[in-house]
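Geometric and topological summary
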Amino acid sequence: TSKLKQYYIFNDFNEDDLAVGVREGVDEDTNKRNKNDFVLWFTKSKFEDQALKWDSPWGVGYPGWHIECSGISMKHLGEDLDIHCGGIDNAFPHHTNEIAQSETATGVRFSNYWLHNNFMTVNGTKISKSLGNVFTLEDIEKKGYSLLDLRMLVLQGSYRNEGNFTFSTLDAARNRLNNWRNVAALRHQIHSTIDNNADEEKIPSYAVSQAIIEAISDDLSTPAALKIIDDAFSKISTTPLANINRQSLIQLLETIDSALGIKLIDSTSDISD
């Protein structure tokens, strides 16, 4: 790693603050030339019954876990990726090591963009079984919430920032989603022709859909996208039905569902025959 132009590629980390052993609880290996060098191929396992092992030019063994991810990515997606995602805890050393070994092997940039999502806490506390603050998706559904309610809660915060799960914030997310569904259901009461005397700008306008996509395209700024939708829906809900263009509203709902996966159209179906 000392031969790389930039090993600490993510700005969130200070080289001097990083643990010598790389992983907490692991002693420094004095046989290394560089404290941050990592294993590419293991020939000795801590497990006596190590099942997965193969012959190689470097001896019978198995790959390090960083190699596994580079291997899987390159096999299915090629040598250069567009977007690589992962938790903030993977940024160092896992993703730095993926970059180091991949770019050394191929000579090309491994990924154009790295998106590291932050942790979710519960009532401001780290999620832990020992604290009894672990909620599964099934637990949430049993309490009467839908998984789309939870999706809305997550979308309300930036993926870069630490999230906080509480049932009061989940209630707020559910209320917001229900309000959106009330607007989505208006499409069953309106038509696609607008009175000539109505405002020139059809409600909703194509510009709203464009603004949502621009917000999502700006580092996945879902809070900004939600604010745009709130403002648009507030305007729609106070507009006479005769001034709301049905096809334009449907196009806006399709944009929202495509960008956020919130299923406004599916969850507000018209009455059956």
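A few points about the pattern of salt bridges
Scanning all chains against the criterion turns up five salt bridges. The closest approach of N and O atoms between Asp219 and Arg160, which form a salt bridge, is 2.6 Å. You can see Asp219 sitting in the loop between α6 (206–217) and α7 (222–237) and its partner Arg160 sitting in the loop between α4 (147–155) and β6 (163–165), a full 59 residues away along the chain. The class for Arg160 is partly exposed, based on a relative accessible area of 47%.

Digging into the packing of α7 against helix α8 (residues 246–260)
α8 packs onto α7 with a crossing angle of 160° between their chain directions and a minimal axis gap of 12 Å. One way to sum up the angle between α7 and α8 is to call them roughly antiparallel. Both α7 and α8 take part in a crossing whose hand is left-handed. Listed contacts from α8 to Thr222, Leu226, Ile229, Phe233 and Ile236 of α7 are Leu249, Leu252, Leu253, Ile256 and Leu260.

Description of the nonpolar core
Among the nonpolar cores identified, the biggest contains 36 residues, and Trp180, Phe233, Ile236, Ile256, Leu260, Ile262 and Leu264 are the most heavily contacted of them. Of all the secondary structure elements, the ones that give two or more residues to this core are α4, α5 (167–184), α6, α7 and α8. Not counting the four nearest positions on each side in its chain, Trp180 is found in contact with Met152, Leu226, Ile229, Asp230, Phe233, Ile256, Leu260 and Leu264. By size, the runner-up hydrophobic cluster in this structure holds six residues, among which are Phe10, Leu81, Ala91 and Trp114.

Some details on the packing of α6 against α7
Between α6 and α7, the least distance of the axes is 7 Å, while the angle of their chain directions is 165°. Regarding the angle of α6 to α7, the classification is roughly antiparallel. α7 is crossed by α6, and the crossing has right-handed handedness. Between α6 and α7, the residues in contact are Val208, Ala211, Ile212, Ala215 and Ile216 and Thr222, Ala224, Ala225, Ile228, Ile229 and Ala232, respectively. In terms of residue class, the contact of α6 with α7 is made up of 10 nonpolar, one polar and no charged.

Structural notes on helix α2 (residues 91–106)
Each turn of an α-helix holds 3.6 residues, which means side chains three or four residues apart point in the same direction. Its 16 residues give α2 an end-to-end C-alpha distance of 21 Å, which sits within 8% of 22 Å, the value for a rise of 1.5 Å per residue. Residues of α2 that are buried: Ala91, Phe92, Pro93, His94, His95, Thr96, Asn97, Glu98, Ile99, Ala100, Gln101 and Ser102. Buried residues belonging to α2 abut α1 (65–77), β3 (81–87) and β4 (111–117). Backbone geometry just after α2 places Gly107 at a positive phi near 80°.

Structural notes on unusual backbone geometry
Cis geometry marks the peptide bond from Phe92 to Pro93, where omega comes out at 5°. Mapping Pro93 onto the fold places it in helix α2. Residues other than glycine seldom take positive phi values, yet Leu220 does so here, at roughly 50°. Structurally, Leu220 is set in the loop between α6 and α7. Under the relative-accessibility criterion, Leu220 is labelled partly exposed at 36%. At Lys263, a position not held by glycine, the phi torsion is positive, near 55°. Its place among the elements puts Lys263 in the segment after α8. Its relative accessible area of 45% is what places Lys263 among the partly exposed residues.

Some points on the pairing of β3
The side chains of a regular strand alternate between the sheet's two faces. The pairing of β3 with β4 spans six bridges and is classified as parallel. By the bridge assignment, Ile83 is partnered in β4 with Tyr113. For the crossover that starts at β3, traverses α2 and ends in the parallel β4, the hand is right-handed.

What about the side chain of Thr166?
The topology assignment puts Thr166 in the loop between β6 and α5. Among the polar contacts made by the side chain of Thr166, one reaches the side chain of Ser168 at a distance of 3.0 Å. Sequence-distant contacts of Thr166, defined by excluding residues within four places in its chain, comprise Asn123 and Leu153.

The rules behind these values
Residues numbered from 1 in each chain as written. Predicted model: local features only at pLDDT ≥ 70, side-chain atom pairs only at ≥ 80, totals over all residues. Heavy atoms only, no water. Salt bridge = Lys/Arg side-chain N within 4 Å of Asp/Glu carboxyl O. Helix = DSSP H or I, 4+ residues; strand = E, 2+ residues; numbered from the N terminus. Buried < 20%, exposed > 50% of the residue type's maximum accessible area, 1.4 Å probe, protein only. Axes fitted to C-alpha atoms, helices over the stretch in contact; angles between N-to-C directions. Parallel < 35°, antiparallel > 145°, perpendicular 65-115°, else oblique. Left-handed = near helix turned anticlockwise from the far one by under 90°. Contact = heavy atoms within 4.5 Å. Core = buried A, V, L, I, M, F, W, Y, C linked by side-chain atoms within 4.5 Å. Nonpolar A, V, L, I, M, F, W, Y, C, P; charged D, E, K, R; others polar. Expected span 1.5 Å × (residues − 1). Pairing = 2+ DSSP bridges. Right-handed = clockwise from strand over helix to strand, strands pointing away. Polar contact = N/O pair within 3.5 Å; in protein donor to acceptor, adjacent residues only side chain to side chain.

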